[in-house]
Amino acid sequence: MHPILKSMVDRYPELQGCVPDIDKAYAYLADAYRGGGKLLVCGNGGSASDSEHIVGELMKGFMSKRPVPASFRETLTRLFPEEGELLCDRLQGALPAISLVSHSALITAFANDVSAETVFAQQVYGYGRAGDVLIGLSTSGNSLNVVRAMQVAKALGIRTIGLTGHGGGMMGELCDAAIRVPSDRTPDIQEWHLPIYHALCMMVEEAFFGT
């Protein structure tokens, strides 16, 4: 077991049964980033906040400093001798990730003019490319706007990861990795999702930037 997952299970032994699917999710994320792909994330309510949280951990340093490559530093300082070093000192390596809950003008326009059920699906269709990954968070597994996003992702060749509750709901059948935490109670599910996605973010960061 990966040491980060072992640490998670030591603190949250109830999540032991989730480890195989967390391992699969990690492999999909690592493959996507190695291939130049990106992560899309969506959810509703508390899961929308979790979507933003995941992006925040991936797009900047989380547990490591992630200095920019020397080749980029050389290029930037050559182009901008006065500011290049300062810019490079203040930039961090990023793992590309987009929260689909963040675009209020697009979401409200599309929900009003077309369909609230497909606000995430539209963004997956617009942003997504084969080789990317979609994470959908839904405590019930039945959030229709997340389900529709996953259906579009499958058609585009995008790997799908679900974070949900014990039952899995409709998402369970759509996910390449369905991480089902052992509860049907919304607050418990949300509390257990956090250590899982923290572990995933730490594992991917370690793979690409070291500790």
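Overview of the structure. (Residues numbered from 1 in each chain as written. Predicted model: local features only at pLDDT ≥ 70, side-chain atom pairs only at ≥ 80, totals over all residues. Heavy atoms only, no water.)

A closer look at the packing of helix 2 (residues 19–34) against helix 10 (residues 186–209)
Here comes step 1: Following both chains from N to C, one finds helix 2 and helix 10 inclined at 40°, their axes separated by 10 Å at the closest point. In terms of orientation, helix 2 lies oblique with respect to helix 10. For the pair helix 2 and helix 10, the crossing hand works out as right-handed. Between helix 2 and helix 10, the contacting residues are Ile22, Asp23, Ala25, Tyr26, Leu29, Ala30, Tyr33 and Arg34 on the first element and Ile196, Leu200, Met203, Val204, Ala207 and Phe208 on the second. (Axes fitted to C-alpha atoms, helices over the stretch in contact; angles between N-to-C directions. Helix = DSSP H or I, 4+ residues; strand = E, 2+ residues; numbered from the N terminus. Parallel < 35°, antiparallel > 145°, perpendicular 65-115°, else oblique. Left-handed = near helix turned anticlockwise from the far one by under 90°. Contact = heavy atoms within 4.5 Å.)

A word on the nonpolar core
Here comes step 1: Grouped together as the largest cluster of nonpolar side chains are 40 residues, with contacts concentrated most on Leu39, Ile161, Ile179 and Ile196.
Here comes step 2: Of all the secondary-structure elements, those providing two or more residues to this core are helix 1 (3–11), helix 2, strand 1 (39–43), helix 3 (46–58), strand 3 (133–137), strand 4 (159–164), strand 5 (177–180) and helix 10. (Core = buried A, V, L, I, M, F, W, Y, C linked by side-chain atoms within 4.5 Å. Buried < 20%, exposed > 50% of the residue type's maximum accessible area, 1.4 Å probe, protein only.)

Side note on the sheet that holds strand 3
Here comes step 1: If you walk across this open sheet you meet the 5 strands as 2-1-3-4-5, and the pairing is parallel. The open sheet terminates on both sides in strands that have one partner only, identified here as strand 2 (97–99) and strand 5. On average, each strand axis in the sheet is tilted by 15° relative to the strand beside it, whichever way the strands run.
Here comes step 2: In terms of strand pairing, strand 4 meets strand 5 through 4 bridges, oriented parallel. Paired with Thr164 across the bridge in strand 5 is Arg180. (Pairing = 2+ DSSP bridges.)

Some remarks on the state of the cysteines
Here comes step 1: Tallying each qualifying case throughout the model produces 0 disulfides.
Here comes step 2: Counting only cysteine sulfurs, Cys175 is the nearest neighbor of Cys18, a cysteine outside any disulfide, at a range of 13 Å.
Here comes step 3: We classify Cys18 as buried; its relative accessible area is 4%.
Here comes step 4: Here Cys201 stays unpaired: no disulfide links it, and the sulfur of Cys42, its closest cysteine neighbor, is 15 Å away.
Here comes step 5: Cys201 gets classed as buried once you look at its relative accessible area, which sits at 3%. (Disulfide = S-S within 2.5 Å.)

Examining the packing of helix 7 (residues 119–127) against helix 8 (residues 144–156)
Here comes step 1: Running from amino to carboxyl end, helix 7 crosses helix 8 at an angle of 25°, the nearest separation of the two axes being 7 Å. Taken together, the axes of helix 7 and helix 8 are roughly parallel relative to one another. Crossing handedness for the pair helix 7 and helix 8: right-handed. Counted together, Val119, Phe120, Ala121, Val124 and Tyr125 of helix 7 and Asn145, Val146, Arg148, Ala149, Val152, Ala153 and Leu156 of helix 8 form the full contact between these two elements.
Here comes step 2: Tallied by class, residues from the contact of helix 7 with helix 8 come to 10 nonpolar, 1 polar and 1 charged. (Nonpolar A, V, L, I, M, F, W, Y, C, P; charged D, E, K, R; others polar.)

Points about unusual backbone geometry
Here comes step 1: One non-glycine residue, Arg66, lies in positive phi territory at about 55°.
Here comes step 2: Along the chain, Arg66 turns up in the loop between helix 3 and helix 4 (70–79).
Here comes step 3: Taking the relative accessible area as the measure of exposure, Arg66 reaches 1% and is therefore buried.

Things to note about the environment of Asp10
Here comes step 1: With respect to the helices, strands and loops of the structure, Asp10 is situated in helix 1.
Here comes step 2: On the basis of relative accessible area, Asp10 is assigned to the exposed category, the value being 53%.
Here comes step 3: Taking the C-alpha atoms as reference points, Asp10 and Ser51, separated by 41 residues in sequence, lie 25 Å from one another.

Describing the pairing of strand 3
The side chains of a regular strand alternate between both faces of the sheet.
Here comes step 1: Across the 5 residues that make up strand 3, a large majority, 5, are buried.
Here comes step 2: Residues Val133, Ile135 and Leu137 line one face of strand 3 and the alternating positions Leu134 and Gly136 line the opposite face, and both faces are buried.
Here comes step 3: Examined bridge by bridge, strand 1 and strand 3 share 5 bridges and lie parallel to one another. Bridge pairing links Cys42 to Gly136 in strand 3.
Here comes step 4: Judged from the 5 bridges that link them, strand 3 and strand 4 form a sheet pairing that is parallel. Across the sheet, residue Ile135 finds its bridge partner in strand 4, namely Ile161.
Here comes step 5: Traced from strand 3 through helix 8 to strand 4, the parallel crossover comes out right-handed. (Right-handed = clockwise from strand over helix to strand, strands pointing away.)

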